[in-house]
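The primary structure of each chain is shown beneath.
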Amino acid sequence: MSEAPQTAPTQPDAQPDVQPEAAPDVQPAAAPPDAAQLESPVELDTAVPPVEALVDCPVCGTATAAGEAFCESCGADLGRGTPLAEDAPDPEAAPIELTARSAPAGPARAPGVLVVVPDLDGRAATCASCGGTVAADGYCEQCGTPAPRPRDHFVEQPAPWMGAVCDRGRRHARNEDAMAVAARAEPGSWAAVVVCDGVSSAPESDVASLAASRAARDVLSAPESVPPITADELLTRAAAAANDAATRVAVGVKGPNPPSCTFVAALVESGRAVVAWIGDSRAYWFPDGGTPVQVSTDDSWAAEAMAHGLSREEAEKLPQAHAITRWLGADSPEGPPRTVTVDVSAPGWLLVCSDGLWNYCSAPEDLGALLTATQARVGAEPVALAEALTTWANEQGGHDNITTALVRCG
Amino acid sequence: MADFAAEIYQNEFLPDGGTDVHAIVSVTCTGAGAAGAAEGDEAAEIIIVDTSGSMAGDKIVAAQRAAAVAVDQILDGTWFAVIAGTDGADRAFPYPNAVSPMVRMEPGARAAARQAVSRLVAGGGTAIGSWLRLATQLFQTVPQATQRHAILLTDGKNQSETDEALQAGIRQAKGVFQCDCRGVGADWDVSELRGVATALLGTVDLIPDTASMEQAFADLMQQAMGRGVADAQLRVWAPQGAQVLFVRQVSPQVEDLSARRTDLNPLTGAYPTGAWGDETRDYHVAVRLASKPLGSEQLAARVMVAVRDEVKSQALVKALWSADDTLTTRINPAVAHYTGQAELAEVIQEGLAAKAAGDEATATTKLGRAVQLAEATGNDEATSRLRKVVDIDDPATGTVRLKRGVDKLDEMALDTSSTKTTRVKK
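Note that residues are indexed from 1 along each chain, following the sequence as it is written. To read the labels, note that chains go from A and ligands from 1, taken in the order they are written. Confidence filtering applies because this is a predicted model: local features only for residues at pLDDT of at least 70, side-chain atom pairs given and counted only at 80 or more, and all residues used for totals across whole chains, interfaces and linings. Neither water nor hydrogens contribute to the side-chain values; these are computed over all heavy atoms in the structure.

Trainee: Just to check I follow, could you spell out the overall build of chain A for this structure?
Mentor: Helix and strand assignments come from DSSP, with helices taken as H or I runs of at least 4 residues and strands as E runs of at least 2, each series counted from the N terminus. Regarding its fold elements, chain A presents nine helices and 17 strands. Exposure is judged per residue with a 1.4 Å probe applied to protein chains only, and the accessible area is read against the type maximum: over 50% gives exposed, under 20% gives buried, and values in between give partly exposed. For chain A, the proportion of its 410 residues judged to be buried stands at 54%. A contact between two residues is defined here by any heavy atoms of the two lying within 4.5 Å. Considering only residue pairs separated by 6 or more positions, chain A has 70% of its internal contacts joining residues 24 or more positions apart. All accessibility values rest on the Shrake-Rupley procedure with a 1.4 Å probe; residue burial counts only the protein chains present in the view. Taken as a whole, chain A presents about 16,400 Å² of accessible surface, with 54% of it coming from carbon and sulfur.

Trainee: Is there a simple way to think about the overall build of chain B in this case?
Mentor: Scanning chain B from N- to C-terminus turns up 11 helices and 20 strands. Burial statistics for chain B: of 426 residues in total, 54% are counted as buried. Contacts spanning at least 24 positions in sequence make up 75% of the contacts within chain B whose residues lie at least 6 apart. Counting only carbon and sulfur atoms, one obtains 49% of the accessible surface of chain B, whose full area is about 17,300 Å².

Trainee: Just checking my understanding: could you explain the packing of helix H9 (residues 360-376) of chain B against helix H10 (residues 380-387) of chain B for this structure?
Mentor: Angle between the axes and distance between the axes are the two parameters that describe a pair of packed helices. Residue and element names in this part refer to chain B. Every axis in this analysis is a line fitted to C-alpha atoms, fitted for helices over the stretch in contact. Angles between the N-to-C directions lie between 0 and 180 degrees. Where H9 meets H10, the axes come as close as 8 Å, and the angle between the chain directions of the two elements is 150°. Between H9 and H10, the angle falls in the class roughly antiparallel. The handedness of the crossing between H9 and H10 comes out as left-handed. Between H9, through Leu367, Ala370, Val371, Ala374 and Glu375, and H10, the contact on the second element is made entirely by Ala382, Thr383 and Leu386. For this classification, the nonpolar set comprises Ala, Val, Leu, Ile, Met, Phe, Trp, Tyr, Cys and Pro, the charged set comprises Asp, Glu, Lys and Arg, and every other residue, Gly included, is treated as polar. Its residues assigned to classes, the contact of H9 with H10 shows six nonpolar, one polar and one charged. Roughly parallel refers to an angle under 35 degrees, roughly antiparallel to one over 145, roughly perpendicular to one between 65 and 115, and oblique to any angle outside these ranges. Helix crossings get a hand from a simple test, with the near helix turned counterclockwise from the far one by less than a right angle marking a left-handed crossing and a clockwise turn marking a right-handed one.

Trainee: Before we go on, may I ask you to explain the side chain of asparagine 158 of chain B in this structure?
Mentor: All names here are of chain B. Relative to the helices and strands, asparagine 158 resides in the loop between strand E8 (147-154) and helix H4 (163-173). Side-chain polar atoms of asparagine 158 contact the backbone nitrogen of isoleucine 128, separated by 2.6 Å. With sequence-adjacent residues up to four places away left out, asparagine 158 is seen in contact with Thr126, Ala127, Ile128, Gly129, Leu166 and Glu192. Two N or O atoms form a polar contact when they lie within 3.5 Å of each other; inside protein one atom must be a possible hydrogen donor and the other a possible acceptor, and for residues adjacent in sequence the pair counts only when both atoms belong to side chains.

Trainee: Mind showing me how you'd approach the pattern of salt bridges here?
Mentor: Any two side chains of opposite charge can pair if their charged atoms end up close together. Salt bridges are counted wherever a side-chain nitrogen of Lys or Arg sits within 4 Å of a carboxyl oxygen of Asp or Glu. All chains considered together, the criterion is met by 35 salt bridges over all chains. Of the charged contacts in the structure, one is a salt bridge between aspartate 206 of chain A and arginine 174 of chain A, with a shortest N-O distance of 3.3 Å. In this pair, aspartate 206 of chain A is assigned in helix H3 (residues 205-220) and arginine 174 of chain A in the loop between strand E6 (162-167) and strand E7 (177-183), connecting sequence segments 32 residues apart. Classification of arginine 174 of chain A by relative accessible area gives partly exposed; the value is 32%. Across the pair aspartate 41 of chain B and arginine 308 of chain B runs a salt bridge whose closest N-O atoms are separated by 2.3 Å. Of the two residues, aspartate 41 of chain B is situated in the loop between strand E3 (20-30) and strand E4 (43-50) and arginine 308 of chain B in the loop between strand E17 (297-307) and strand E18 (310-321); the sequence distance between them amounts to 267 residues. Through salt bridges with shared partners, one network takes in Arg109, Glu156, Arg217 and Asp218 of chain A.

Trainee: Even after reading the chapter, I still don't get the packing of aromatic side chains, so can you show me in this structure?
Mentor: Within a pair of aromatic rings, the relevant descriptors are the distance that separates the centres and the angle that separates the planes. Residues and elements named next belong to chain B. For this analysis, a ring pair means two rings from Phe, Tyr or Trp (six-membered ring only for Trp) whose centres lie within 6.5 Å, classed as stacked if their planes differ by under 30 degrees, edge-to-face if by over 60, and tilted for the remaining angles. The full count for this structure, using the stated rule, is six aromatic pairs over all chains. When the centroid spacing of 5.3 Å and the interplanar angle of 75° are considered together, the rings of phenylalanine 4 and tryptophan 276 count as edge-to-face. One end of the pair, phenylalanine 4, is in strand E1 (residues 3-10); the other, tryptophan 276, is in the loop between strand E15 (268-272) and strand E16 (279-288), and 272 residues separate them in sequence. Neither phenylalanine 4 nor tryptophan 276 differs from the other in exposure class; each is buried. Ring centres of phenylalanine 80 and phenylalanine 93 lie 5.4 Å apart, and the angle between their planes is 20°; on these two criteria the pair is classed as stacked. On the criterion of sequence distance, the pair formed by phenylalanine 80 in strand E5 (residues 79-85) and phenylalanine 93 in strand E6 (residues 89-93) is long-range, its members being 13 residues apart. Phenylalanine 93 carries the same exposure label as phenylalanine 80, and that label is buried. A connected cluster of aromatic rings, assembled from ring pairs, spans Phe80, Phe93 and Tyr95. Charge over a ring is defined by NZ of Lys or CZ of Arg lying within 6 Å of the ring centre and within 35 degrees of the ring normal. The ring of tryptophan 237 is capped by arginine 302, whose NZ or CZ atom sits 4.4 Å from the centre of that ring.

Trainee: Sorry if this is basic, but what is going on with the sheet that holds strand E11 (residues 232-237) of chain B here?
Mentor: Backbone-to-backbone hydrogen bonds join strands into a sheet, with any given pair of strands oriented parallel or antiparallel. Residues and elements named next belong to chain B. DSSP-based pairing: two strands are paired if at least 2 bridges between them are found. Overall, mixed pairing links the six strands, which are arranged E2-E18-E17-E11-E15-E14 in an open sheet. The strands lining the two open edges of the sheet, one partner per strand, are strand E2 (13-14) and strand E14 (262-265). With five bridges joining them, E11 and E15 adopt antiparallel strand pairing. Note on E15: the bridge partner recorded for leucine 234 is tyrosine 271.

Trainee: Hey, could you run me through the sheet that holds strand E12 (residues 282-287) of chain A in this one?
Mentor: All names here are of chain A. The strand order E5-E6-E17-E16-E12-E13 describes an open sheet built from six strands, whose pairing is antiparallel. Only two strands of the sheet have a single neighbouring strand rather than two, namely strand E5 (153-156) and strand E13 (293-294). Bridge count for E6 against strand E17 (residues 402-409) is six bridges, and the pairing is antiparallel. If you follow glycine 163 over to E17, its bridge partner there is leucine 406.

Trainee: Please explain the pairing of strand E10 (residues 204-207) of chain B as it appears in this structure.
Mentor: Remember that side chains alternate between the two faces of the sheet whenever the strand is regular. Residues and elements named next belong to chain B. Where burial is concerned, the two faces of E10 agree: the one with Val204 and Leu206 and the one with Asp205 and Ile207 are both buried. Judged from the four bridges that link them, strand E9 (residues 178-184) and E10 form a sheet pairing that is parallel. Bridging from a neighbouring strand, cysteine 181 pairs with valine 204 of E10.

Trainee: Can you walk me through the layout of surface pockets in this structure?
Mentor: Taking a probe equal in size to a water molecule and rolling it over the atoms shows the remaining empty space. All names here are of chain B. Reported here for the second largest pocket is a volume of approximately 670 Å³. Cavity: a set of points on a 1 Å grid over the protein atoms alone where a 1.4 Å probe fits but cannot get out. Pocket: an open set with protein on both sides within 12 Å along at least five of seven lines, its lining residues, like those of a cavity, having an atom within 4 Å of a point. Surrounding the second largest pocket, 35 residues form its lining, Gln253, Thr416, Ser417, Thr419 and Lys420 being those nearest its centre. Among the secondary structure elements, those contributing two or more residues to the lining of the second largest pocket are helix H5 (190-199), E10, helix H6 (213-225), strand E12 (243-251), strand E13 (255-256), helix H8 (333-356) and helix H11 (408-416). A per-element tally of the lining of the second largest pocket places H8 first, with six residues. Broken down by class, the residue content of the lining of the second largest pocket amounts to 12 nonpolar, 12 polar and 11 charged. Grid points are joined across faces, edges and corners, and a volume is the space filled by probe spheres set on the points.

Trainee: Honestly, the confidence of the model for chain B in this entry has me stumped. Any pointers?
Mentor: Do not read the predicted coordinates in detail wherever pLDDT is low. Overall, the prediction assigns chain B a mean pLDDT of 94, with 100% of residues at 70 or greater. Interface scoring of the predicted complex returns ipTM 0.79; its pTM is 0.68. One number per residue, pLDDT, summarises how confident the predictor is, and it ranges from 0 to 100.

Trainee: How should I be thinking about the pairing of E16 of chain B in this particular structure?
Mentor: Residue and element names in this part refer to chain B. Within E16, seven of the 10 residues are buried, which leaves it mostly tucked inside the rest of the structure. The pairing of E3 with E16 spans 10 bridges and is antiparallel. From the neighbouring strand, serine 26 faces E16, where its bridge partner is aspartate 282. Looking at chain direction, E12 and E16 are connected through seven bridges and run antiparallel. Of the residues in E16, the one forming a bridge with phenylalanine 246 is alanine 286.

Here it is in structure tokens:
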């Protein structure tokens, strides 16, 4: 949860224990052959459909349709969560259509850059709880469960070497987290990941976070600019675009707190990742078998307390630990994001996430151990792994919205 | 064309483990028009006048005048008849030798009916069940009339037939017509007549003296003629596994509708509410759900208003389980108000019944509680009626003493008006 923004001095010099480099040029390289065949950038505006499979109810033995969380016959919990939560994405869903459709009138993208834009409006037609029909009022005709809103749980996987999951969690009424990603098809070649966490004490923050993350992604995936700019500059532009988008949401919204959100973006290219952030959403680097690293440093009271010598444990117990000192939105403090470059040439995972995940596992070594253990259980498919980490956070209480974005590097 | 709007007043937040959801549904009808005026609608009215021996003297004269005034209020085109009730029932108009059992109102019929009621004579007993049976038969001769309503006037107890005969008459009439009942004087039985009115979706009230009869009849008939919606149905959907604890009308009168339920489908019950004019009625709906984990949301009920099987309005009762005590402990003011008003009606009736049975201790406790509730819910009318039956020492604690030598009419007025509620201040 990102609490009400607190105006406080920021610490632009605080750096994580990764080596800051001079800003490298990470302009997207030439597109890989298969993606390059695309005439134009392509966007899929469909959610990933669930896998069609029949499973017998463990309690009564009745065959149940995929996507149902509860047995229609006896009501037993099938342990699937919401349909999109546990089902692996249909491997045929994303890339196949890429050649079939031309891009709608959307933002221009660099050649070969793949983007999936899920439709997050409206509600499902079938009840996730009992399989009944959802009435026009948005609730199941049979059991009264509100139909899942696509905004409450969505997945983006433009290329198989990365996967991102955004989830409402268990305690919040809305999913105010948002994310937007883009990638080239060839593993490790180029990827952009943006995560924004809406401030729950401000209205419409779910709208602001989605607008901000997509605006930033669109800047990061735009055609190469002439003259070329550095990755740091590009990320700064992306943050500014995100801030503009969040600020525009504030128009017409009443109340003392305009819609606000955090911002973290990672630009991965050829063994290097540049991370930019404003607020307390984070990036971590987990090299296989190496030392886990927290790449970003929160703009928060807790981080400042740590900079003043408190241990992570002590700092995160402070009453205002989660109050962020910088954010995006109409009333945001001025200034570019802080950026850090990290070498991701070794095999490993780059994780970009919101506090809905790291709240339960903040220290990089703990989160790294969780990642390793989870991968041993569910495998290395990025969406499956991101879903499993998200499910884990829900099992810890799901007190906040959870965003988990993984990029396989090396 | 009548429009219905349904609004919900509730606290949707439930604590961990909470199961019961309470909501007030406020239903407002506008554009109802006049009875029988809508296309395809015809209305029918029957005036039932007690002409037993006890009505002799001033009362029968007043009843003649009151019936004539009611006849005047019946709109042209409305099917109508007048029944004279004794230990049997006679059709006073159309005359017994007339061919058609009911006629349509027009100036000639009005003049003839006025003459017929001026000839009503008192004599004989009281058998309300037989009156209802005749009215049922007459209404059944005009099946084209979708809106059927009767006014029943009596001055005495149902002495000339068994209670079984009365109950049988009520059962036959149920669903055929609506009936508003009025008792004149102090010799009739409030709970007996309330039984008739409740079953037939009508009201019961006291006409304290013969002088008030004309006005009471004029008001009743005017109200009936202003109801252009023949029959509206309240429908309550509750999710699978849930239990509808009760559906209760709470304004303008308290009336438990739970027993009137018929199942439309396994999850939806229909409750008849009779004819509607331009008016607002409030309902208290209570549903028991299986508890869900904190953070879950569930629809607890869909409350619909349907006319001729067409849903005119729908409102949603929701449940949200929350760990936040400041949300879950809040009681919705409308729910609190009407819960108090419903209890007020109950304790007044129980207190008066205990008093009639000679149980003064129970009567004092119940009527004391009534004073307390009337005070708390701002029902000044109830408080002033209670004052005629008890001496109030402290309204806040409900400390009262039973009055000696209470006028029977004051007790009856308190009883008949016990179900009338004040609307919640919004």
